[in-house]
Amino acid sequence: MKQTIRLEKLLAHTGHGTRSEIKRMMKTGTVYVNGRSVKDGGIQVNPDQDQITVNGVGVRYREFIYLMLNKPQGVISATEDSRDRTVIDLLAAEYQTFEPFPVGRLDKDTEGLLLLTNDGKLAHNLLSPRKHVPKTYFAEVEGTVTDEDKNAFAAGVTLDDGYVTMPAKLVILRSGEPAAGEVSKIELTIMEGKFHQVKRMFQSVGKKVVFLKRISMGPLLLDEYLEAGSYRELTAEELKELQQANNTSGLS
Ligand code: URA
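Every chain is numbered independently, its residues counted from 1 as its sequence is written. Residue-level local features of this predicted model are given only where pLDDT is at least 70; pairs of side-chain atoms are given and counted only at 80 or more, and the full residue set underlies all totals for whole chains, interfaces and linings. Calculated side-chain values reflect all of the structure's heavy atoms, with hydrogen atoms and water omitted.

Undergrad: With reference to specific residues and values, describe the domain arrangement of the protein.
TA: Domain ranges listed in this record stem from an automatic or a database domain assignment. Taken domain by domain, the protein holds domain 1 (5-58), domain 2 (66-129 + 219-244) and domain 3 (135-217). With centres defined by C-alpha atoms, the gap from domain 1 to domain 2 works out at 28 Å.

Written out as structure tokens, the structure reads:
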């Protein structure tokens, strides 16, 4: 990387505290750049070339973060909103400082896997309609989901705006009896991401989704140990798989 970055931003991105904590820390003269004590966090440094230490410990810079969030219901997939809490509000300050954003959207009442990153290129690729990244959802649907629905989804259904969906894979986990007030439980894998797509696909066959949770996106599987509202960084393995899939168009 040839780019320079403000020293205080670099220190924030490497977990040395909030901006105000870093300002305070800098005044104590514990931050060194190329062997010289630096008290001005506003200076530009080159993470590839400059040697930066805090209390004598070398700082290893990273530019990007990748977080897996189990999105809870009631928060919106945006970076800011005047009314509602956003997925970014769920993150600790040490992560917010990277200015991550959600890769795609889940509805306010949808739960599950949401990737948050500040890596625009990766996000762009994952969202590209040409890449056909598979996304699998678990849903509870009012009434009985049938093999006819499965065939209709495999062939493509027409949504309320006339759009015909790409072939999608429906797995019926449990077919509910409406008379008994039961819901059907299904998994649906779609290769595109139209607005409210899963709900509108079921609407097209006369059915209503009452619970929706995304459980996978490309090679990423929602970590079953992540409670709704919790998040963690992707493991090195997960990130590698995501990048490989992205580079080789293996997501298509
Ligand atoms: N499809 C929907 O209907 N809603 C979502 O949040 C995601 C997919």
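Moving on from the coordinates now.
Undergrad: Report on the pairing of strand β10 (residues 135-142), specifying residues and quantitative values.
TA: The buried label goes to any residue with under 20% of its type's maximum accessible area, the exposed label to any with over 50%, and the partly exposed label to all in between, with areas taken from a 1.4 Å probe on protein chains only. Counting from the N terminus, the helices are the DSSP runs of H or I reaching at least four residues and the strands are the DSSP runs of E reaching at least two. β10 sits mainly inside the fold: 6 of its 8 residues count as buried. The rule for pairing is simple: two strands pair if DSSP sees at least two bridges between them. Examined bridge by bridge, β10 and strand β12 (residues 183-190) share 8 bridges and lie antiparallel to one another. Its bridge partner being in β12, Val 141 is matched across the sheet by Ser 184. Sheet analysis places β10 next to strand β13 (residues 209-217), joined by 7 bridges and oriented antiparallel. Of the residues in β13, the one forming a bridge with Val 141 is Val 209.

Undergrad: An account of the nonpolar core is needed here, citing residue identities and associated values.
TA: Each nonpolar core is a collection of buried residues, namely Ala, Val, Leu, Ile, Met, Phe, Trp, Tyr and Cys, held together in the definition by side-chain atoms within 4.5 Å. By size, the foremost hydrophobic cluster in this structure holds 30 residues, and its most contacted members are Phe 153, Ile 186, Leu 188, Val 198, Met 201 and Phe 202. For this core, the two domains that each supply at least three residues are domain 2 (66-129 + 219-244) and domain 3 (135-217). With sequence-adjacent residues up to four places away left out, Leu 188 is seen in contact with Lys 135, Thr 136, Tyr 137, Phe 153, Ala 168, Lys 169, Leu 170, Val 198, Met 201 and Phe 202. Contacts are assigned to residue pairs that have any heavy atoms within 4.5 Å of one another.

Undergrad: Residue-level account of helix α2 (residues 19-27), with values.
TA: Considered for burial, the residues of α2 that qualify are Ile 22, Met 25 and Met 26. Seen end-on, α2 carries its buried residues on one side only, within an arc spanning 100°. The exposed residues of α2 that point more than 90 degrees off its buried face are Arg 24 and Lys 27. Where the residues of α2 are buried, they touch α1 (7-13), β2 (31-33) and β5 (52-54). With its phi angle positive at about 75°, Gly 29 sits one or two positions after the end of α2. What the arc measures is the spread of directions leading from the helix axis to the C-beta atoms.

Undergrad: Any details on the environment of Leu 115? Residues and values, ideally.
TA: Along the chain, the position of Leu 115 falls in strand β9 (residues 111-117). Judged by its relative accessible area of 0%, Leu 115 falls in the buried class. The contact partners of Leu 115, leaving out residues within four places of it in the chain, are Leu 67, Phe 101, Pro 102, Val 103, Leu 122, Leu 126, Leu 220, Leu 234 and Leu 242.

Undergrad: If you had to explain the sheet that holds strand β3 (residues 36-37) to someone new, which residues and values would you point to?
TA: Here 4 strands make up an open sheet; going across it, the order is β3-β2-β5-β6 and the pairing antiparallel. Of all the strands in the sheet, just β3 and β6 (57-58) have a single pairing partner and so form its edges. Pairing between β2 and β3: 2 bridges, direction antiparallel. Looking at the pairing, Tyr 32 lines up with Ser 37 of β3.

Undergrad: Now, about the UniProt feature "domain: RNA-binding S4" (unreviewed entry) in the protein: what can you tell me, with residues and values included?
TA: Mapped onto this numbering, the UniProt entry gives "domain: RNA-binding S4" (unreviewed entry) at residues 5-63. Helix makes up 27% of residues 5-63 and strand 24%, whereas the separation of the span's terminal C-alpha atoms amounts to 10 Å. UniProt positions are given in the numbering used here, feature names are shortened, and annotations may be inferred rather than shown by experiment.

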